[in-house]
Amino acid sequence: MKGVSLEMGIPQMSLLRRASSVLRPSAVFTRQIVAIDTGTLATVAKSRNPISMDTQNLLARLNSAGLLRSQCLIGGKWTEAYGGKTIPVHNPATGDVLVNVPCMGGQETNDAISVAYEAFLSWSKLTAAERSKRLRKWYDLLMANKEELGQLITLEQGKPLKEAIGEVNYGAAFIEYSAEEAKRVYGDIIPSPLADRRLLVLKQPVGVVGAITPWNFPLAMITRKVGPALACGCTVVVKPSEITPLTALAAAELALQAGIPPGALNVVFGNAPEIGDALLASRLVRKITFTGSTNVGKKLMAGAAQTVKKVSLELGGNAPCIIFDDANLEVAVKGALGTKFRNSGQTCVCANRILVQEGIYEKFAAAFSQAVQSMQVGEGFTEGVVQGPLINEAAVQKVESFVKDAVSKGAKVLLGGKRHSLGMTFYEPTVIGDIKNEMLIARNEVFGPVAPLLRFKTEEEAISIANDTDAGLAAYVFTESIQRSWRVAEALEYGIVGVNEGLISTEVAPFGGVKQSGLGREGSKYGMDEFLEMKYVCMGNLNSN
């Protein structure tokens, strides 16, 4: 996703129980009932140390806006776990328990699959124009509520509010784009070698989709799967991370308001292994789309083989960021900063290795360290904060182990390198020099705010180091040579290459990796094809009366 792997932002399903034990405080929880406008109930948990008044007020405002949902969505109905079991959702910056949510399993998931299949029979028959209108309405509602959605993201995931609202803009863009592309799912006519035949290619929705998403982008990882799926005529059962389910539930509420029919979008979470097994075993589920660790992706791929489902996998990365001697130093520092420390380093396309050519190494290391030192760390609602907490204690321990390994093998901490004085799961933005390719931090995703610097001499050496990994998601190159940018971009074994740019994600371009970083693409017109089946129709004997 190792105790709990955080390679792509979610725990391995088989390790979820151990991960949740890290997340659960030892305090005894009491329950406070808060009425929601729609008449349903949310259970807000309180520990022995009550949550802050600011958090209580914010939860009350989100509640009154109808966006604080604490039940799963099955067939258009807000539903508790059948056995009544719940799990807490925490604010990683404070440890506050925000709310208790259902802990669902196989039975609830099978019911969600059944209603999704029933909804598919009608949703897939709507015209593309009608599906487009409803998706556009969903986009409008997401944008109208972007401040509230951003607040939810900051509360449960920890990223700074400005960055969280940026995620809402980014995530909503996939719904807008899907609404537009819904009307552009074109087939084909093939010239026939025989005069009395006509050959056609139709594109049709694959059917019910099981979508499993991580905690690091609680909205965007859902919308970039659900948007194209619904646009193509599929229906979806979403399993968001149990760590950050509130944003998913709020987005689902807005989808209902937009006219997405009951059963077309369902949200279940809780017992990850049971839910995953149910999605894999069902013959009604025809597609699995997953963002997460390579280890879990391999298990899903193997499980999907039993019923021969279509599979899209966006898995772990080990992104190199190559700084050549001829790079514009200011552009390189800004780009490396953006791609390394976005979301406190908790993204699959974060620069995991910064390769710096020896002629510019010292100058870059000094300028980069100075820029990192100026980054403000804190709780996401504090003005000026650009780095929030890591998601949980297990994440901090992983970062610490990687830094310890690097230092024990000769690396030098240039900045940071320890837990932040704020406590909780805050970690100092860190720069480490003299990294060698055999160190853990160069071989695996650190998934935290640690920037490892590696020296290299030649272009060929940089390409060799960059490609020396099983991952192949994203890579970055900084150079002012057009010739070199072409050579290196073509030589890098990665699905995405940013040249003189660290922030490369957009809804209009295909996102995905090669090698063990996954299968398929998300976003762009190419992402639509992941939710479509191709049907060839041969019409014969057309010359007869």
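Small disclaimer: the values here were computed from a predicted structure and weren't measured. (Residues numbered from 1 in each chain as written. Predicted model: local features only at pLDDT ≥ 70, side-chain atom pairs only at ≥ 80, totals over all residues. Heavy atoms only, no water.)

1. Topic: the overall build of the protein
The following threshold applies: Numbered from the N terminus, helices here are DSSP runs of H or I no shorter than four residues, and strands are runs of E no shorter than two. Within these notes, the globule rule equals 2.2 Å times the number of residues to the 0.38 power, and the radius of gyration is based on C-alpha atoms. Only the protein chains shown count as cover for residues, and the accessible areas themselves come from Shrake-Rupley with a 1.4 Å probe. Working convention for charge: Lys and Arg count positive, Asp and Glu count negative, and His plus the chain ends are omitted. Charge positions are represented by NZ for Lys, CZ for Arg, CG for Asp and CD for Glu.
In terms of helices and strands, the protein carries 17 helices and 22 strands. The C-alpha radius of gyration computed for the protein amounts to 24 Å, which stays within 12% of the reference 24 Å derived for 545 residues, consistent with globular compactness. Accessible area of the protein: about 21,200 Å², with a carbon and sulfur share of 52%. The centroid of the 56 positive side-chain charges in the protein is displaced by 4 Å from the centroid of its 53 negative side-chain charges.

2. Examining the pattern of salt bridges
Test applied: Take a side-chain nitrogen of Lys or Arg and a carboxyl oxygen of Asp or Glu: if they are within 4 Å of each other, that pair is a salt bridge. The buried label goes to any residue with under 20% of its type's maximum accessible area, the exposed label to any with over 50%, and the partly exposed label to all in between, with areas taken from a 1.4 Å probe on protein chains only.
In this structure the tally under the stated criterion is 24 salt bridges. Linking Asp-140 and Arg-136 is a salt bridge whose minimum nitrogen-to-oxygen distance equals 3.3 Å. Placement of the pair is Asp-140 and Arg-136 together in helix α4 (residues 128-144), with a separation of four residues, close to one helical turn. Judged by relative accessible area, which is 35%, Asp-140 ranks as partly exposed.

3. Points about the side chain of Ser-369
Rule in force here: Contacts between residues were defined by any pair of non-hydrogen atoms, one from each residue, lying within 4.5 Å.
Residue placement: Ser-369 occurs in helix α12 (residues 361-373). Classification of Ser-369 by relative accessible area gives buried; the value is 11%. Look past the residues within four positions of Ser-369 in its chain and what remains in contact with it is Leu-414, Leu-415 and Val-431.

4. Quick look at the nonpolar core
What counts is decided by this rule: By convention a nonpolar core is built from buried Ala, Val, Leu, Ile, Met, Phe, Trp, Tyr and Cys residues, the set being connected through side-chain atoms within 4.5 Å.
Counting 83 residues, the largest nonpolar core has Trp-138, Leu-142, Leu-230, Val-236 and Leu-265 as the members making the most contacts within it. With eight residues, the top contributor of residues to this core is helix α8 (residues 246-257). Among residues more than four places away in sequence, those in contact with Leu-230 are Trp-123, Arg-131, Leu-135, Trp-138, Thr-235, Val-236, Ile-260 and Ala-264. Among the nonpolar cores identified, the runner-up in size contains 34 residues, and Ala-395, Phe-402, Ile-441 and Phe-456 belong to it.

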